[in-house]
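Chain and residue survey
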Amino acid sequence: MNNKIQELIDNGILTLGKGVIIEEMVLVANREETNEGELRQISIGDHTIVRAGAIIYEGVTIGSDCRIGHGCILRTNASLGNNVVLSHHVIVEHDSKLGNWVRVSPHTHITSCMTVEDRAFLGAGVITVNDKFLTWKRNDREPNLLPPYVEFGARVGSGTTLLSGVRIGKMAMVGSGSVVTKDVPPYTIAFGNPAKVQRELDEEHRTPNGYEEVLTEME
Ligand SMILES: CC(C)(COP(=O)(O)OP(=O)(O)OC[C@H]1O[C@@H](n2cnc3c(N)ncnc32)[C@H](O)[C@@H]1OP(=O)(O)O)[C@@H](O)C(=O)NCCC(=O)NCCS
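Predicted, not measured: the structure shown is a model, and the values here were computed from it.

**Focus on the overall build of the protein chain**
The helix and strand inventory of the protein chain stands at 1 helix and 26 strands. If you line up the protein chain on its principal axes, its C-alpha atoms span 55 × 55 × 25 Å. Per-residue burial for the protein chain yields a buried fraction of 41% across its 219 residues. If you take every contact in the protein chain between residues at least 6 apart in sequence, the share linking residues at least 24 apart comes to 27%.

Laid out in structure tokens, this is it:
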């Protein structure tokens, strides 16, 4: 545990559960230049491992039994449930919320204020977009930010782009390399550019990821 992390614990800013491992060169309680005042609380649940080189901003909550890979960046107020795996170099922007048993593969970008519900799986290099018209520093126009939304158990293939405001339905599967411009209905498979629904999801792919014995979320 480096001195800065110990200081955050001593000052009541950082709460660590039992058996948490924070490897070397992890930065905790980074701050956006727009934030002021007291540092926001950060908590990391039991048995979570944070790999070397991760950066965790103020206000972040990480549940128990999570794995945060090398070089991940969790921006202000990002929140992760339990049993979440972020592979290496995943970016979770501010105020995004990932549920329990969510898996994210390397180099995926989760845009701000996005929700990824329990047991969803985002492949590698998934890009999520929240600003349709790329508005930045304009006096005449505020950006109209609308993130995508990923429902329970949905799976998004590697290299896919989810455009602003699209909803990936419960247990749906999006093929790799897709550009999703419209909602994908629950229990369907969609792919292509633009992504089109190809068929209903077959029976063998209707079981959500995560261990069977803790499957409590299904109706
Ligand atoms: C979408 C997917 C589930 C479809 O699998 P499938 O139903 O077994 O499909 P098939 O491989 O039988 O292909 C059926 C047709 O769809 C096409 N196809 C399959 N996946 C495609 C994709 N992602 N984009 C465009 N076309 C695709 C195939 O070329 C084939 O076309 P054809 O009928 O003209 O020959 C799978 O191809 C896929 O993309 N999975 C995502 C995997 C991934 O990204 N994992 C992340 C790991 S970190």
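Picking up where we left off.
**Looking at the site of the ligand**
In the neighbourhood of the ligand, the contacting residues comprise S105, G123, A124, G157, S158, M173, G175, S176, G177, I189, F191 and G192. The class makeup of the residues in the shell around the ligand is 4 nonpolar, 8 polar and no charged.

**Re the sheet that holds strand β2 (residues 21-22)**
Read from one edge of the open sheet, 10 strands run β2-β5-β8-β11-β14-β17-β20-β23-β25-β26, paired in mixed fashion. The open sheet terminates on both sides in strands that have one partner only, identified here as β2 and β26 (196-200). In this structure, strand β8 (residues 67-68) lies alongside strand β11 (residues 85-86), joined through 2 bridges in parallel fashion. Note on β11: the bridge partner recorded for R67 is V85.

**Comments concerning the sheet that holds strand β1 (residues 14-16)**
As summarised here, the arrangement of the 8 strands in space is β1-β4-β7-β10-β13-β16-β19-β22, forming an open sheet in which the pairing is parallel. Only two strands of the sheet have a single partner each, and these edge strands are β1 and β22 (167-168). Of the strand pairs in this sheet, β1 and strand β4 (residues 42-44) are connected by 3 bridges, and their pairing is parallel. Within β4, the position partnered with L16 by the bridge is I44.

**Things to note about the pairing of β26**
Counting buried residues in β26 gives 0 out of 5 residues, a small share hidden from the surface. In this structure, strand β25 (residues 188-191) lies alongside β26, joined through 4 bridges in antiparallel fashion. Note on β26: the bridge partner recorded for I189 is R199. In sequence, β25 turns back onto β26 through a hairpin of 4 residues, with G192 there showing a positive phi of about 110 degrees.

**Digging into the domain arrangement of the protein chain**
For the protein chain, the assigned domains are domain 1 (1-95) and domain 2 (113-202). Domain 1 and domain 2 are separated by 26 Å when their C-alpha centres are compared.

Cut-offs applied
Residues numbered from 1 in each chain as written. Predicted model: local features only at pLDDT ≥ 70, side-chain atom pairs only at ≥ 80, totals over all residues. Helix = DSSP H or I, 4+ residues; strand = E, 2+ residues; numbered from the N terminus. Buried ≥ 20, exposed ≤ 12 C-beta atoms within 10 Å, placed from the backbone. Contact = placed C-beta atoms within 7 Å. Near = placed C-beta within 6 Å. Nonpolar A, V, L, I, M, F, W, Y, C, P; charged D, E, K, R; others polar. Pairing = 2+ DSSP bridges. Domains from an automatic or database assignment.

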